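One letter stands for each residue in the lines below.
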Amino acid sequence: MKLTRSGKIALIFLVVIIVAAVIGVIVYFVVYGKTPFYYHISFKLTNVDYDSKFHKPYSQEYIDLNERIVSLMNKTFQASKLRRQYVISHVAKVRQANSKVIVDVVLKFKSCYNNNAARFRDRTRNILLQKLMGDTGSLCIDSSSFKFSDIDMDAAENLLNICCGRRTKVSPGNKIVGGLDSVEGEWPWQASLQQNNIHRCGATLINNNWLLTAAHCFVNAKDPREWSVTFGFLLSDPKLKRSVKNIIVHEKYKYPSHDHDIAIVNLSKPVLYTTNIRKVCLPEANYNFPANSDVVVTGWGSRKTDGTSPDVLQKGIMKIIDTVTCNNKEVYDSHIKNGMLCAGFLQGRVDACQGDSGGPLVSSDSRGIWFLVGVVSWGEECALPNKPGVYTRVTYYRNWITSKTGL
Ligand code: ARG
């Protein structure tokens, strides 16, 4: 067969259109074709004694129990027809049931069964029920207590991310002064505290409803209606915004003294946790972060004294400086009180600066769980030799935090 020139062009055109359409359909299915399904299940464990430590998401007791349950769920679904649809599970809560426990677990699946959610749900439920009535390894499960229900995506993601002090992403090495760019999800508890939509201070998420920050952020600006809070590592592209319901400044804070530079912000509406918005862990009052420990300060403060603010959240990697050294005559000459701590380097170089105030100074434990050590408070200029940053010592105010928030 012989084609005319315009016939050839038409044929090529047709082929290109068909190829594009096929690619389009494939991309559509890869990207959008799988819908997430979330379920909330609970059951009683008859051989695990209740322990109040189960309420602390960073306790080894909770972490170990979570791991045992998650491993049971992984085994259950990996040996089932849903092995390719099963994504993750997580223990959201451990409740007391007499002297034993009931666990609440969130399960996530991805499937193309968009239009047959009921069938997918039944299959999941049956697989679980069969497993729980059979061999559950070292966990004794009361299968009559088994409950299974749907849960919507935001509520499920909130429970999957309820852990404290865990981040999703890490970027290498060490602008704070002498700092480096962070990546999304690296410091998920960092918030920007804004007055009339202008960044003023940093703040740290300690729970769905509460943030910790510095008292001096609110000098002459105590009206919560002026304030809002944003989340996300780019100031220009916040992932979530909340108005402020209430500001609790430490009763003994009195400007211009730096003592008791701590405040709590109550959000107008709780935030739901996501992979990039999570809370930090609060240390116990008696916890001691030793001098010389590695700590990280984060914020959108200026990168030099009187400089401008960056858009990308900055991190500064530094060390805790012991209070005796920090109170030396050539350093801060006895101005460091029990409720404060110093961090940085006596040589200067890395430091928080204007606009970082209220933000977190954090430290990770041997398991990689991050705890809030301090709140950016004051310093003489920024990154000068012998003038490290001074932070409000969180352990010192731990009971005050409990008295205001119940946390
Ligand atoms: N007070 C400053 C602020 O309001 C931050 C102080 C931190 N300074 C320092 N050199 N570490 O943002």
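The structure under discussion appears in the preceding block.
In what follows, the accompanying structure is described. Given the structure is predicted, the values throughout are model-derived calculations rather than measurements.

Calculation notes
- Residues numbered from 1 in each chain as written.
- Predicted model: local features only at pLDDT ≥ 70, side-chain atom pairs only at ≥ 80, totals over all residues.
- Heavy atoms only, no water.
- Pairing = 2+ DSSP bridges.
- Helix = DSSP H or I, 4+ residues; strand = E, 2+ residues; numbered from the N terminus.
- Axes fitted to C-alpha atoms, helices over the stretch in contact; angles between N-to-C directions.
- Contact = heavy atoms within 4.5 Å.
- Buried < 20%, exposed > 50% of the residue type's maximum accessible area, 1.4 Å probe, protein only.
- Disulfide = S-S within 2.5 Å.
- Expected span 1.5 Å × (residues − 1).
- Arc of directions from axis to C-beta.
- Near = heavy atom within 4 Å.
- Polar contact = N/O pair within 3.5 Å; in protein donor to acceptor, adjacent residues only side chain to side chain.
- Areas by Shrake-Rupley, 256 points an atom, 1.4 Å probe, with all protein chains shown as cover.
- Core = buried A, V, L, I, M, F, W, Y, C linked by side-chain atoms within 4.5 Å.

### Here's the deal with the sheet that holds strand 3 (residues 100-111)
Okay, so step 1: Pairing within the open sheet is antiparallel, and its 4 strands lie in the order 2-3-1-4. Each having just a single partner strand, strand 2 (86-97) and strand 4 (141-150) make up the two edges of the open sheet. Each neighbouring strand pair of the sheet contributes to a mean axis angle of 20°, computed without reference to strand direction.
Okay, so step 2: When strand 1 (residues 35-45) meets strand 4, the two strands line up antiparallel, connected through 6 bridges. For S42, the partnering residue across the bridge sits in strand 4 and is K147.
Okay, so step 3: Of the strands in this sheet, strand 1, strand 2, strand 3 and strand 4 touch helix 2 (residues 60-78), which is tilted by about 135° from strand 2.

### Things to note about helix 4 (residues 153-160)
Okay, so step 1: Within the sequence span of helix 4, burial applies to A156, E157, N158, L159 and L160.
Okay, so step 2: Residues of helix 4 that are buried sit in contact with strand 1, strand 2 and strand 3.

### Considerations on the state of the cysteines
Okay, so step 1: Counting across every chain of the model gives 4 disulfides.
Okay, so step 2: Here C164 pairs with C281 through a disulfide, and the sulfurs are 2.0 Å apart. Sign of the S-S torsion, about 90° for the bond between C164 and C281, identifies this disulfide as right-handed. Neither C164 nor C281 differs from the other in exposure class; each is buried.
Okay, so step 3: Here C353 pairs with C382 through a disulfide, and the sulfurs are 2.0 Å apart. Measuring the twist about the S-S bond at about 85°, one finds the C353-C382 disulfide to be right-handed. Placement of C353 in the loop between strand 14 (340-344) and strand 15 (360-364) and of C382 in the loop between strand 16 (370-378) and strand 17 (389-393) is noted, with a sequence separation of 29 residues between them. Per residue, the accessibility class of C353 equals that of C382, and both read buried.
Okay, so step 4: Numbered by position along the chain, the disulfide-linked cysteines of the protein chain connect as 1-4, 2-3, 5-6, 7-8.

### Here's the deal with helix 3 (residues 117-133)
Okay, so step 1: For helix 3, spanning 17 residues, the distance from its first C-alpha to its last is 24 Å, which sits close to the expected 24 Å at 1.5 Å a residue.
Okay, so step 2: Buried within helix 3 are the following residues: F120, T124, I127, L128 and L132. Looking straight down helix 3, one finds its buried side chains confined to an arc of 125°; they lie on one side. Facing away from the buried side of helix 3, by more than 90 degrees, are the exposed residues Q130 and M133.
Okay, so step 3: Of the surrounding secondary structure, the elements contacted by the buried residues of helix 3 are strand 1, helix 2, strand 3 and strand 4.

### Thoughts on the side chain of T405
Okay, so step 1: One can find T405 in helix 6 (residues 398-405).
Okay, so step 2: With a relative accessible area of 14%, T405 lands in the buried category.
Okay, so step 3: Apart from residues no more than four positions distant in its own chain, T405 is found in contact with W210 and I264.

### With respect to the site of the ligand
Okay, so step 1: Residues in close proximity to the ligand total 15 residues, the closest being H216, D351, G355, S357 and E381.
Okay, so step 2: Between the ligand and the protein, one listed contact pairs a nitrogen atom with a backbone N or O atom of A352 at 3.3 Å.
Okay, so step 3: S377 has a polar backbone atom sitting 3.3 Å from a nitrogen atom of the ligand.
Okay, so step 4: When the free accessible area of the ligand is taken as 350 Å², the share hidden by the protein chains comes to 89%.
Okay, so step 5: With 3 residues, the single largest contributor to the shell around the ligand is strand 16.

### Remarks on the nonpolar core
Okay, so step 1: Grouped together as the largest cluster of nonpolar side chains are 52 residues, with contacts concentrated most on L211, L212, V229, F231 and I401.
Okay, so step 2: Looking at this core element by element, the count peaks at 4 residues for strand 11 (residues 263-267).
Okay, so step 3: Beyond its immediate chain neighbours, meaning those up to four positions away, L211 contacts A191, A203, T204, L205, I206, V229, F231, A263, I264, V265 and L267.
Okay, so step 4: The next biggest cluster of nonpolar side chains, apart from the first, holds 50 residues, and it includes Y62, C164, L361 and F371.

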